[in-house]
Amino acid sequence: ETYPIKTKARSSYLLTLKNSTLAFGMTSIGTGYDLSVSTYSPDGRVFQVEYAAKAVDNSGTAIGLRVKDGVVLAVEKLVQSKLLVPRSNRRIQTVDTHIGVATAGLLADGRHIINRARDEAENYRNIYKDQISGKTIADRVGHYAQAYTLYSNVRPFGSSAIIGTVDKDGPQLFMVEPSGVYWGYHGCAIGKGKQVAKTEIEKLKLSEMTVLDAVKEAARIIYTVHDEAKDKEFELELSWITEENRHQFVPDDIAAEAERLAKESLNEEMEDD
Amino acid sequence: MAVEFQGGVVIGADSRTTLGSYVSNRVTDKLTPIHDKIYCCRSGSAADTQFIADLVRYYLQMYAVQHNEPPSVQTAAALFQELCYQNKDHLLAGIIVAGWDKRNGGTIYSIPIGGSLHRQPFTIGGSGSSFIYGYCDANFKKNMTQDEAVEYVKNAMSRDGSSGGCVRIAIITEDGVERHFFPGNQLPVFYEGGDTVF
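Residues numbered from 1 in each chain as written. Chains lettered and ligands numbered in written order. Predicted model: local features only at pLDDT ≥ 70, side-chain atom pairs only at ≥ 80, totals over all residues. Heavy atoms only, no water.

Asks: Whenever I open this one, the overall build of chain A confuses me. Can you help?
Replies: Per the secondary structure count, chain A includes 8 helices and 10 strands. For chain A, buried positions account for 48% of its 273 residues. Relative to all contacts within chain A whose residues are 6 or more apart in sequence, the contacts with residues 24 or more apart total 62%. Accessible surface, chain A as shown: approximately 13,500 Å² in total, 52% of it carbon and sulfur. (Helix = DSSP H or I, 4+ residues; strand = E, 2+ residues; numbered from the N terminus. Buried < 20%, exposed > 50% of the residue type's maximum accessible area, 1.4 Å probe, protein only. Contact = heavy atoms within 4.5 Å. Areas by Shrake-Rupley, 256 points an atom, 1.4 Å probe, with all protein chains shown as cover.)

Okay, here's the thing in structure tokens:
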């Protein structure tokens, strides 16, 4: 699902070639500002953090949609081998009853961030006797990720997290990047197909949709961004949180229907050609 | 004591602090603000309750700045409870947290010694409270008006030796806090005794 930063970055991103040193003999103007996260480049960039973001860009797409009555998360989980048991190695996980998180990038880093988020949510409940709000958990995760961009003896997380919650202010959607930066979104996409996904998401009228509509759209978008040529098999993970229901994977019957409609709409598109 | 009414809460306390039988302060202010619209009534050890109230005031200030919104009364009560329960062996503190917040309107939480948390429409605490349970239970009504609530709170001091001085009350609503003061000689007077000597 994800690739070591060196090989992918070097071959696809000419911009970084100019400022990076290479292990395998391609010519470059090596300036060595990218060796450590505690080093700035002359133009004020921290390259290691940017490289971490590349790890996210090379992984399977994940999207989040914030709609009228809840939040829907969907992930294009690329499957490397037919021997893998379906539904194992989930990329969407529950952080608290009202919080779901989908990650893209290095799966282990994503797991680690989610673990931390679970601790933060539990800690908040213990102190304040109330559940943590979306903006607060995003803030905590953002702070945590940013801490790993300060020291040279650790590396930044190679994962972005899409955090969907339903709290007293209604449905909320946030996305935290490896740099620690986070924003609130109505709809967001990360990973390989994020450009196509964002274009599709922008066409939707999210504030008028319900979660049932959003599930169908999310499935359709994931199928649209999936590149049949480059990556063969994938599993679609769909989850939602609503005011009445805690974060859960979309029930099988609804998910199956959404997938069927997604495949149909894809076929329709192909027939037009 | 504290009581909810239509639109907010009224809290009241006496003003006596004692060192044994010596009244070290007869005009104490036991109603302590811990946020713009959240007050607490302190009973038990003055040192313990002042210290805890200062800590909670600090935590609520940080909360307000970090969350960019005022904390709820529930949050304040939860913080008091953490402190009172986790340090129960070292404290003698009975606290009533009362205030107004946008989510729940006027709310009251009682945290007696031991550190349990109780949300109640009205509550009494402190040494003098034992003498007024009957009065309070008999006269409490839900959804009182502000004036009814103020009258309800003014009426219970002369039987308890550890309570006295004057009565301070605070009315907390969406519009803010109004503080009132009733000197001891202006309180309602009930049967005061009078023996016939043989």
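The rest of the description comes next.
Asks: Explain helix H1 (residues 46–67) of chain B here, please?
Replies: Residue pairs spaced three or four apart in an α-helix point in one direction, given the helix's 3.6 residues per turn. Between its terminal C-alpha atoms H1 of chain B stretches 31 Å, which fits the 32 Å expected from 22 residues at 1.5 Å a residue. Of all the positions in H1 of chain B, only Asp48, Thr49, Ile52, Ala53, Val56, Leu60, Tyr63, Ala64 and His67 of chain B are classed as buried. On an axial view of H1 of chain B, the arc spanned by its buried residues comes to 125°, and they lie on one face. Exposed and facing more than 90 degrees away from the buried side of H1 of chain B are Ala47, Phe51, Val65 and Gln66 of chain B. Structurally, H1 of chain B contributes buried residues whose contacts are with helix H4 (107–128) and helix H5 (134–147) of chain A together with strand E5 (31–35), strand E6 (38–44), helix H2 (73–86) and strand E7 (93–101) of chain B. Positive phi appears at Asn68 of chain B, one or two residues downstream of H1 of chain B, with a value of about 60°. (Expected span 1.5 Å × (residues − 1). Arc of directions from axis to C-beta.)

Asks: Looking at this structure, I do not really get the environment of Leu173 of chain A. What am I missing?
Replies: Checked against the element boundaries, Leu173 of chain A lands in strand E6 (residues 170–176). Distance in space between the C-alpha atoms of Leu173 of chain A and Ile163 of chain A is 5.7 Å, their sequence separation being 10 residues.

Asks: In this structure, what is going on with the interface of chain A and chain B? I would like to understand it.
Replies: Where interface size is quoted, it is often the accessible area lost as the parts come together. With 9 residues of chain A at the interface, the matching set in chain B holds 10 residues. Here chain A meets chain B over a buried area of about 980 Å², counting both sides, of which 46% is carbon and sulfur. The largest per-residue losses of area from chain A upon contact with chain B belong to Tyr128, Lys129 and Lys168 of chain A, which jointly make up 53% of the total buried on that side. Joining chain A to chain B, the criterion identifies 3 salt bridges. Here Glu69 of chain B makes a salt bridge to Lys168 of chain A, at a shortest N to O gap of 3.0 Å. At the junction of chain A with chain B, the criterion picks out 7 residue pairs in polar contact (both at pLDDT 80 or more). With 4 residues, the top contributor of residues to the side of chain A that touches chain B is H4 of chain A. Here the side of chain A that touches chain B is composed, by residue class, of 3 nonpolar, 2 polar and 4 charged. (Buried area = accessible area lost by both parts, 1.4 Å probe. Salt bridge = Lys/Arg side-chain N within 4 Å of Asp/Glu carboxyl O. Polar contact = N/O pair within 3.5 Å; in protein donor to acceptor, adjacent residues only side chain to side chain. Nonpolar A, V, L, I, M, F, W, Y, C, P; charged D, E, K, R; others polar.)

Asks: In this structure, what is going on with the UniProt feature "domain: Proteasome alpha-type subunits" (unreviewed entry) in chain A? I would like to understand it.
Replies: Under the feature "domain: Proteasome alpha-type subunits" (unreviewed entry), the UniProt entry names residues 33–55 of chain A. For residues 33–55 of chain A, the end-to-end C-alpha separation is 19 Å, with 39% helix and 0% strand making up the annotated structure. (UniProt positions renumbered as here; feature names shortened; annotations may be inferred.)

Asks: Is there a simple way to think about the packing of H4 of chain A against H5 of chain A in this case?
Replies: In a packed pair of helices, the relevant descriptors are the angle between the two axes and the axis-to-axis distance. All names here are of chain A. At a minimum axis separation of 10 Å, H4 and H5 run at an interaxial angle of 130°. Classified by the angle their axes make, H4 and H5 are oblique. For the pair H4 and H5, the crossing hand works out as right-handed. Between H4 and H5, the contacting residues are His112, Ile113, Arg116, Ala117, Glu120, Ala121, Asn123 and Tyr124 on the first element and Thr136, Ile137, Arg140, Val141 and Tyr144 on the second. Among the residues making up the contact of H4 with H5, the classes are represented as 7 nonpolar, 3 polar and 3 charged. (Axes fitted to C-alpha atoms, helices over the stretch in contact; angles between N-to-C directions. Parallel < 35°, antiparallel > 145°, perpendicular 65-115°, else oblique. Left-handed = near helix turned anticlockwise from the far one by under 90°.)

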